[in-house]
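Descriptive analysis of the structure
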Amino acid sequence: MGRVITIAAAQLGPVPRAEQRGPVVARMVALMERAARVRATLVVFPELALTSFFPRWAIDDDAELDNFFEASMPGPETQPLFAAARRLGLGLCFGYGELANRAGRLQRFNSSALVGHEGGLIGHYRKVHLPGDREPQPGFEYQHLEKRYFESGDMGFPVWRAFGGVVGMLICNDRRWPEAWRVLGLQGVELVLVGYNTPLRNPEAPEHDPLVRFQHRLVMQAGAYQNATWAVAVAKGGVEEGQPMLADTLIVAPSGEIVAYSKTQGDELVVAECDLDRTQSYKTTIFDFAAHRKPQAYSRITECTGAVPPP
Ligand code: ING
């Protein structure tokens, strides 16, 4: 018997713009209680789980913008999540807007928290890859202003020993960048937790829209397989403030196989038993980095030398 843990990916349906934290936290605690009933080890929630995906709007009022952020973690409104983790003996991961103060300078990050069974904060991660724009785009039905509202994460891609294995976190757009996965992989990660809010329509490239679900699965399956790790992708799905968002919450094995996925667009628990030892048969063979990787070859990026000479 390996190191089997039961993971509950807690997909959330839409969160209205004006929704207060209380009702959302109540939805999250209800999903945690359902997870406890199936003896889950860990519950994973989406990116920016506590609020609507506010980067879709141009928000000029700082007071309104700060309403979407948490000044401390835990804070008074998120403490019930930590208390539920302790009461239910559940690990917990969720995304939130982080308000940080470094030497008197206010900083805003798109972050995710990792909480242990005893209800204490194990650590947090700050999203590095911020898609979209800094300035509102004329004519777009919805904006994507993460570069306007957040700073890029300054913590790298940390991992922690937790829940019997090595755990790391990515947030949404991070999952599209193989380097992010590989930094976790080089640290021996066995479980990558990824919350996301992915619009089904990308006004910058509408020709990509039919492939949103395919590309989401592509990057999750490739990231898991190429780094010999389990991966959990958790959506904020459904039509949120009129914007259709991808659901398709997934649990992916180190083989790259999808072992569980959501069937609805709303609040849904997607559960799988995950044997962390299944990572070993890949880490000790095809993805034995010490035996097979060639870092010295990766830094040579030669300029294209122009037209190929005629034969
Ligand atoms: N959302 C989207 C994501 O990377 C996006 C943004 C969608 C970028 C489609 C490019 C194409 O899944 C977030 N929040 O990063």
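See the structure printed just above.
Quick look at the structure, then. In this text, all values refer to a predicted model and were calculated from it rather than measured experimentally.

A closer look at the overall build of the protein
Counting secondary structure elements, the protein contains 9 helices and 14 strands. Taken over C-alpha atoms, the radius of gyration comes to 20 Å for the protein, in line with the 19 Å a tight globule of 311 residues would show. Each of the three principal axes of the protein carries a C-alpha extent, and together these read 65 × 55 × 45 Å. When burial is assessed residue by residue, the protein has 54% of its 311 residues classed as buried. When the accessible area of the protein is evaluated, it comes to approximately 13800 Å², of which 55% is carbon and sulfur surface.

Examining helix 6 (residues 212-226)
Over its 15 residues, helix 6 runs 21 Å from end to end, which matches the ideal 21 Å to within 8%, given 1.5 Å per residue. Among the residues making up helix 6, those that are buried are Val212, His216, Arg217, Val219, Met220, Gly223 and Ala224. On an axial view of helix 6, the arc spanned by its buried residues comes to 165°, and they lie on one face. Packed against the buried residues of helix 6 are helix 5 (178-186), strand 8 (191-196), strand 9 (230-235), strand 12 (250-252) and strand 13 (258-261). One or two residues past the end of helix 6 sits Ala228, with phi positive at roughly 50°.

Focus: the packing of aromatic side chains
Evaluated as defined, the whole model comprises 10 aromatic pairs. Pairing Tyr225 with Phe287 gives two aromatic rings, centres 4.9 Å apart and planes at 85°, and the pair type is edge-to-face. Separated by 62 residues along the polypeptide, Tyr225 in helix 6 and Phe287 in the loop between helix 7 (280-283) and helix 8 (289-292) bring together distant segments of the chain. Members of the aromatic cluster, joined through ring pairs, are Phe54, Phe68, Phe69, Tyr149 and Phe150.

Some words on the sheet that holds strand 12
Note on sheets: strands pair through backbone hydrogen bonds, and any given pair is parallel or antiparallel. Pairing is mixed in the open sheet, where 6 strands are placed in the order 6-7-8-9-12-13. Single-partner strands in this sheet number two, and they are strand 6 (159-162) and strand 13. When the angles between neighbouring strand axes are averaged without regard to direction, this sheet yields 20°. Sheet topology note: the strand 7 (residues 165-171)/strand 8 ladder contains 5 bridges and is parallel. Note on strand 8: the bridge partner recorded for Met169 is Leu193. Sheet strands touched by helix 5: strand 6, strand 7, strand 8 and strand 9. Its angle to strand 7, the strand with the most contacts, is close to 165°. On the sheet, helix 6 packs against strand 8, strand 9, strand 12 and strand 13 and is oriented at approximately 30° with respect to strand 12.

Focus on the packing of helix 1 (residues 21-37) against helix 3 (residues 79-88)
Where helix 1 contacts helix 3, the two axes come as close as 10 Å, and the packing angle between them is 10°. By the angle class used here, helix 1 and helix 3 are roughly parallel. The segment helix 1 lies against helix 3, with Val25, Met28, Val29, Met32, Glu33 and Ala36 engaging Pro80, Leu81, Ala84, Ala85, Arg87 and Leu88. A class-by-class count of the residues in the contact of helix 1 with helix 3 yields 10 nonpolar, no polar and 2 charged.

Quick look at the nonpolar core
Of all hydrophobic cores here, the largest spans 45 residues; its most connected members are Leu191, Leu193, Val232 and Ile251. The greatest single-element share of this core, amounting to 6 residues, is contributed by strand 9. By size, the runner-up hydrophobic cluster in this structure holds 28 residues, among which are Leu12, Val24, Phe45 and Met73.

Observations concerning the pattern of salt bridges
Between side chains of opposite charge, a pair can form when the charged atoms approach closely. If you walk through the whole model with that rule in mind, you get 21 salt bridges. Among the salt bridges present, the one from Arg201 reaches Glu141, with a minimum N-O distance of 3.9 Å. Taken together, the residues span a long stretch of sequence, with Arg201 in the loop between strand 8 and helix 6 and Glu141 in the loop between strand 5 (121-126) and helix 4 (146-149) at a distance of 60 residues. According to the relative accessible area criterion, Glu141 is exposed, its value standing at 59%. The closest approach of N and O atoms between Arg278 and Glu257, which form a salt bridge, is 3.5 Å. A residue pair is termed long-range when its members are at least 10 positions apart, and Arg278 in the loop between strand 14 (268-275) and helix 7 and Glu257 in the loop between strand 12 and strand 13 qualify at 21 residues.

Quick notes on the rules
Residues numbered from 1 in each chain as written. Predicted model: local features only at pLDDT ≥ 70, side-chain atom pairs only at ≥ 80, totals over all residues. Heavy atoms only, no water. Helix = DSSP H or I, 4+ residues; strand = E, 2+ residues; numbered from the N terminus. Rg over C-alpha atoms; globule rule 2.2 N^0.38 Å. Buried < 20%, exposed > 50% of the residue type's maximum accessible area, 1.4 Å probe, protein only. Areas by Shrake-Rupley, 256 points an atom, 1.4 Å probe, with all protein chains shown as cover. Expected span 1.5 Å × (residues − 1). Arc of directions from axis to C-beta. Contact = heavy atoms within 4.5 Å. Phe/Tyr/Trp six-rings, centres within 6.5 Å; stacked < 30°, edge-to-face > 60°. Pairing = 2+ DSSP bridges. Axes fitted to C-alpha atoms, helices over the stretch in contact; angles between N-to-C directions. Parallel < 35°, antiparallel > 145°, perpendicular 65-115°, else oblique. Nonpolar A, V, L, I, M, F, W, Y, C, P; charged D, E, K, R; others polar. Core = buried A, V, L, I, M, F, W, Y, C linked by side-chain atoms within 4.5 Å. Salt bridge = Lys/Arg side-chain N within 4 Å of Asp/Glu carboxyl O.

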